[in-house]
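Residue-level structure breakdown
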Amino acid sequence: FAVTYVVDVRSRAVSQPPDQPPNHTSRSHNGAGETPNGEPPPLSGSAADPFQMATSRVRRFAQEGRAVPPQPTVMVVFSSASDNETPGDAVLESDILEEGYRKPALPVPNLQLGKTLRTLDAPEEFPEVIPLNVGGTYFTTRLSTLRRYEDTMLAAMFSGRHYIPRDAEGRYFIDRDGTYFGDILNFLREGELPQRERVRVVHREAQYYAIGPLLESLEDTQPLTGEKVRQAFLDLLPYYKENLERIVEIAKLRAIQRKARFAKLKICVYKEEMPITPYERPLFNSLRFERSESEAKLFEHHCEVDVSFGPWEAVADVYDLLHCIVSDLAERGISADQQCIGVCDKHLINHYYCKRPIYEFKITWW
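The following paragraphs examine the structure supplied in this document. (Residues numbered from 1 in each chain as written. Predicted model: local features only at pLDDT ≥ 70, side-chain atom pairs only at ≥ 80, totals over all residues. Heavy atoms only, no water.)

1. Considering the side chain of Asn-133
Within the secondary structure, Asn-133 sits in strand E3 (residues 129-134). At 2.8 Å, the side chain of Asn-133 forms a polar contact with the backbone nitrogen of Gly-136. Ignoring sequence-local partners within four residues, the contact set of Asn-133 consists of Tyr-138, Asp-167, Arg-171, Tyr-172, Phe-173 and Ile-174. (Helix = DSSP H or I, 4+ residues; strand = E, 2+ residues; numbered from the N terminus. Polar contact = N/O pair within 3.5 Å; in protein donor to acceptor, adjacent residues only side chain to side chain. Contact = heavy atoms within 4.5 Å.)

Below you can see the structure in the form of structure tokens.
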């Protein structure tokens, strides 16, 4: 590109005192090529440099003490260089600019394009009939069956957005136990529910595959419905799960120490918060609302047992809680037998004794 400077130098009439006539004396040049005022001779014609002329006028006005006229207006025009111009003509010469008016060039950022984004593969096309290998068990079903419910893991797997590995025979492989996958397919096909003895395990598989309609249906059938009711009762007991862990740990340590196949524990299970007996209930109820805090502390004690359960406020009684304890231990593969061996006879106050029942649990390890 060629750079052209257009300088607008507007001459203005300089006011002089009225008693002095205008100075029309022509300036002569000395031998050094300067005027008497020490200015370089003005250039004429096309050879005149606009910047040099403007600079000379400013210097002359400054020497004579007169007001400096307005600075010339400079307009820079960029135009494409013609064929007969040399590359040097398009470059701005630095010697025509004053040092004070130079501005540092802005650094040009080093633009580096990032890595090209990997193009996503096109969604995989599935056949209408899908062969499956679920943990080594083979199944065959329709694609629409696997996509029956949108918000499920199976629908997402076979949506075409995810990669699914295949086995040597070309079946789509799911790394999951396939024992109960048939129950999953039967529900997706016809809404069929598993038999009662398989409800718990199928419920666990339905949680893995995130099949919400199957989960809701299973939770409304036995034994999961009964489990909801039982859990509502157990939520009333403080530290129930922690107490179960204590039973297992204590029984294990005692069996190891004694080198025995079983261990015995004393467990207190009581429903009422305060110790009472049937014949003491009327008197106790009268004292229940009238005793002071100091008197209440006389009833607080801990029975000399390994673990204590209670108290709670519900219709379910002590035998219901004992059944829950034995059932939950059996769920963990621990065999437990229990029997009542008496009550706590610790004397508290007046004729009150602790009457909390104590049960002996026998934990068999093998």
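2. A short note on helix H8 (residues 240-258)
Between its first and last C-alpha atoms H8 spans 27 Å; for 19 residues at 1.5 Å apiece the expected length is 27 Å, and the two agree. For H8, the set of buried residues is Tyr-240, Asn-243, Leu-244, Ile-247, Val-248, Ile-250, Ala-251 and Ala-255. Among the residues trailing H8, Lys-259 stands out with phi positive, at a value near 55 degrees. (Expected span 1.5 Å × (residues − 1). Buried < 20%, exposed > 50% of the residue type's maximum accessible area, 1.4 Å probe, protein only.)

3. Points about the sheet that holds strand E5 (residues 172-174)
The strand order E4-E3-E5 describes an open sheet built from 3 strands, whose pairing is mixed. Lying at the two open borders of the sheet, with one neighbouring strand each, are strand E4 (137-142) and E5. Recorded for the sheet is a direction-independent mean angle of 30 degrees between the axes of neighbouring strands. Judged from the 6 bridges that link them, E3 and E4 form a sheet pairing that is antiparallel. By the bridge assignment, Asn-133 is partnered in E4 with Tyr-138. (Pairing = 2+ DSSP bridges. Axes fitted to C-alpha atoms, helices over the stretch in contact; angles between N-to-C directions.)

4. A look at the packing of aromatic side chains
Tallied over the full model, the rule gives 9 aromatic pairs. Ring centres 6.3 Å apart and planes at 25 degrees place the aromatic pair Tyr-149 and Phe-187 in the stacked group. Residue Tyr-149 is found in the loop between helix H2 (143-146) and helix H3 (153-157), and its partner Phe-187 is found in helix H4 (residues 181-190); the two are separated by 38 residues along the sequence. When the ring of Phe-233 is compared with that of Trp-312, the centres are 5.9 Å apart and the planes differ by 80 degrees; the resulting orientation is edge-to-face. With Phe-233 in helix H7 (residues 224-234) and Trp-312 in the loop between strand E7 (307-309) and helix H11 (318-331), this residue pair connects regions lying 79 residues apart in the sequence. Residue Phe-233 is classed as buried on the basis of its relative accessible area of 10%. For Arg-171, the ring lying beneath its charged end belongs to Tyr-138, and the centroid distance is 3.8 Å. Sitting over the ring of Tyr-208, Arg-176 keeps its end group 3.9 Å from the ring centre. (Phe/Tyr/Trp six-rings, centres within 6.5 Å; stacked < 30°, edge-to-face > 60°. Lys NZ or Arg CZ within 6 Å of the ring centre and 35° of its normal.)

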